[in-house]
Amino acid sequence: MDARLSAAAAYVRPGHPAADIGCDHGKLSAWLAGSGRCPRVFACDLRPGPLAKAKVTCAPWADRVQFRLGSGLSVLKPGEATELIIAGMGAETILEILDAAPWVQDPAYNLILVPATKHSILRLGLARRGFALAGETLCQAAGRWYTVVNARFDGRTFTPGAWFCLTGLTAGQAGQAGYLAQQRPKVEKYRRGLAPGPEAEAVDELIRILKQMEGEI
Ligand SMILES: C[S@@+](CC[C@H](N)C(=O)[O-])C[C@H]1O[C@@H](n2cnc3c(N)ncnc32)[C@H](O)[C@@H]1O
């Protein structure tokens, strides 16, 4: 597993059933089942090709891994898995998946989210939906910085400030300077596609902060 998936696995509570949404190669599902961390693992993907790969990867632990074909969390019954990992998708897709499964609005579920892009938008979207950040881990994989976000529903919706959107719980972690430097061009590109409104204003503020920090990073 790469550093992202290892950091994601560390947030999985031992002894709880887990779902690996968008499992693709199936490495995380295989680790969760093979290490004994999870008694049951649901390896899930939208497409048959990736699911077939996951079946091969997970073959030694086939007694503990179930394979589900379909979109997001729609392949699970509420409660089947409490550890819900969504890794390697953009922030909007992750938020769409959460919106399509209102049953995850329950503190019993431990969400572990690894956005491929638009980390700030994920933090903003989680806060507006009442999901609180419980932890974040910065990590580098294939030369790029990622954050692994651990979140739980607590029902307290708010629109966070730009600094929170940009950094979440990553302040002080090794690699934060490199992480922020990587975010700036992406944030600016994203801003160009936004219609005027509160989200565009929040992103403008992010860009101002990043410019101010340029001398420091
Ligand atoms: C880039 S791979 C990530 C694989 C792995 N989770 C990781 O982070 O290394 C994204 C996977 O998500 C799957 N996917 C995309 N949208 C999905 C959705 N709505 N529901 C389930 N799987 C989805 C794709 O088919 C693909 O296999």
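Now for a quick tour of the structure.

Rules behind the numbers
Residues numbered from 1 in each chain as written. Predicted model: local features only at pLDDT ≥ 70, side-chain atom pairs only at ≥ 80, totals over all residues. Heavy atoms only, no water. Buried < 20%, exposed > 50% of the residue type's maximum accessible area, 1.4 Å probe, protein only. Helix = DSSP H or I, 4+ residues; strand = E, 2+ residues; numbered from the N terminus. Pairing = 2+ DSSP bridges. Right-handed = clockwise from strand over helix to strand, strands pointing away. Near = heavy atom within 4 Å. Polar contact = N/O pair within 3.5 Å; in protein donor to acceptor, adjacent residues only side chain to side chain. Areas by Shrake-Rupley, 256 points an atom, 1.4 Å probe, with all protein chains shown as cover. Salt bridge = Lys/Arg side-chain N within 4 Å of Asp/Glu carboxyl O. Axes fitted to C-alpha atoms, helices over the stretch in contact; angles between N-to-C directions. Contact = heavy atoms within 4.5 Å. Left-handed = near helix turned anticlockwise from the far one by under 90°. Nonpolar A, V, L, I, M, F, W, Y, C, P; charged D, E, K, R; others polar. Core = buried A, V, L, I, M, F, W, Y, C linked by side-chain atoms within 4.5 Å. Parallel < 35°, antiparallel > 145°, perpendicular 65-115°, else oblique.

With that settled, consider the pairing of strand β2 (residues 41-45). Judged by how many residues are buried, β2 sits mostly within the fold: 5 of 5 residues are covered. On β2, burial covers both faces: Val41, Ala43 and Asp45 on one face and Phe42 and Cys44 on the other are all buried. Pairing analysis gives 4 bridges linking strand β1 (residues 18-21) to β2, with the strands arranged parallel. For Ala18, the partnering residue across the bridge sits in β2 and is Val41. Of the crossover connections in this fold, the one passing from β1 over helix α2 (residues 27-34) to the parallel β2 is right-handed. Strand direction decides the pairing type here: β2 and strand β3 (residues 65-69), joined by 5 bridges, are parallel. Note on β3: the bridge partner recorded for Ala43 is Phe67. Chirality of the crossover, the property in question, places the unit of β2, helix α3 (residues 48-57) and β3 among those that are right-handed.

Of all residues adjacent to the ligand, which total 16 residues, the nearest are Arg4, Gly22, His25, Asp45 and Gly72. At 2.9 Å from an oxygen atom of the ligand is found a side-chain nitrogen or oxygen belonging to Arg47. Gly72 places a polar main-chain atom, nitrogen or oxygen, 2.7 Å from a nitrogen atom of the ligand. Here the ligand loses 81% of its free accessible area of 600 Å² to cover by the protein chains. Elements with a contribution of two residues or more to the shell around the ligand: α1 (3-10) and β4 (83-89).

What follows covers the pattern of salt bridges. Overall, the coordinates contain 10 salt bridges when judged by the stated rule. Between Arg4 and Asp2 there is a salt bridge; the shortest N-O distance is 3.0 Å. A residue is classified by how much of its surface remains accessible, and Arg4, at 12% relative accessible area, is buried. Accessibility expressed as a relative area gives 29% for Asp2, which makes it partly exposed.

With that settled, consider the sheet that holds β1. Pairing within the open sheet is mixed, and its 7 strands lie in the order β3-β2-β1-β4-β5-β7-β6. Where the open sheet ends on each side, the last strands, each with one partner, are β3 and β6 (131-141). Taken over all neighbouring pairs, the strand axes of this sheet differ in orientation by 15° on average, direction set aside. Each of β4, β5 (110-115), β6 and β7 (144-153) touches α1; the most contacted strand, β6, lies at about 150° to it. The sheet strands contacting helix α5 (residues 119-128) are β5, β6 and β7, and the helix crosses β7 at an angle near 5°.

A word on unusual backbone geometry. In this structure, Asp24 is a non-glycine residue whose phi angle is positive, near 50°. Residues other than glycine seldom take positive phi values, yet Ala142 does so here, at roughly 50°. Looking at Ala142, the relative accessible area reads 83%, which means it is exposed.

The angle between the axes and the distance between the axes are what describe a pair of packed helices. Look at helix α7 (residues 176-192) against helix α8 (residues 198-213): their axes get within 10 Å of each other, and the N-to-C directions meet at 145°. Helix-helix and strand crossings are classified by hand; for α7 and α8 the assignment is left-handed. Along its contact with α7, which presents Leu180, Arg184, Val187, Glu188, Tyr190 and Arg191, the element α8 presents Glu199, Ala200, Val203, Asp204, Leu206, Ile207, Leu210, Lys211 and Met213. For the contact of α7 with α8, the residue count by class is 9 nonpolar, no polar and 6 charged.

This part covers the nonpolar core. Grouped together as the largest cluster of nonpolar side chains are 47 residues, with contacts concentrated most on Ile21, Leu73, Leu76, Leu84, Leu98, Leu113 and Leu126. Examining the composition of this core, we find that 7 residues originate from one element, α8, more than from any other. Every residue in contact with Leu98, bar those within four places of it in the chain, is listed here: Leu73, Ile86, Val104, Leu111, Leu113, Leu126 and Phe131. Residues Ala9, Leu51, Ala54 and Ile112 belong to the second largest nonpolar core, which totals 27 residues.

Here we take up the packing of helix α4 (residues 91-99) against α5. Between α4 and α5, whose axes approach to 8 Å, the crossing angle comes to 25°. Between α4 and α5, the interaxial angle falls into the category roughly parallel. Crossing handedness for the pair α4 and α5: right-handed. Across the interface between the two elements, Ala91, Ile94, Leu95 and Leu98 of α4 pack against Ile121, Leu122, Gly125 and Leu126 of α5. Of the residues in the contact of α4 with α5, the class split is 7 nonpolar, 1 polar and no charged.

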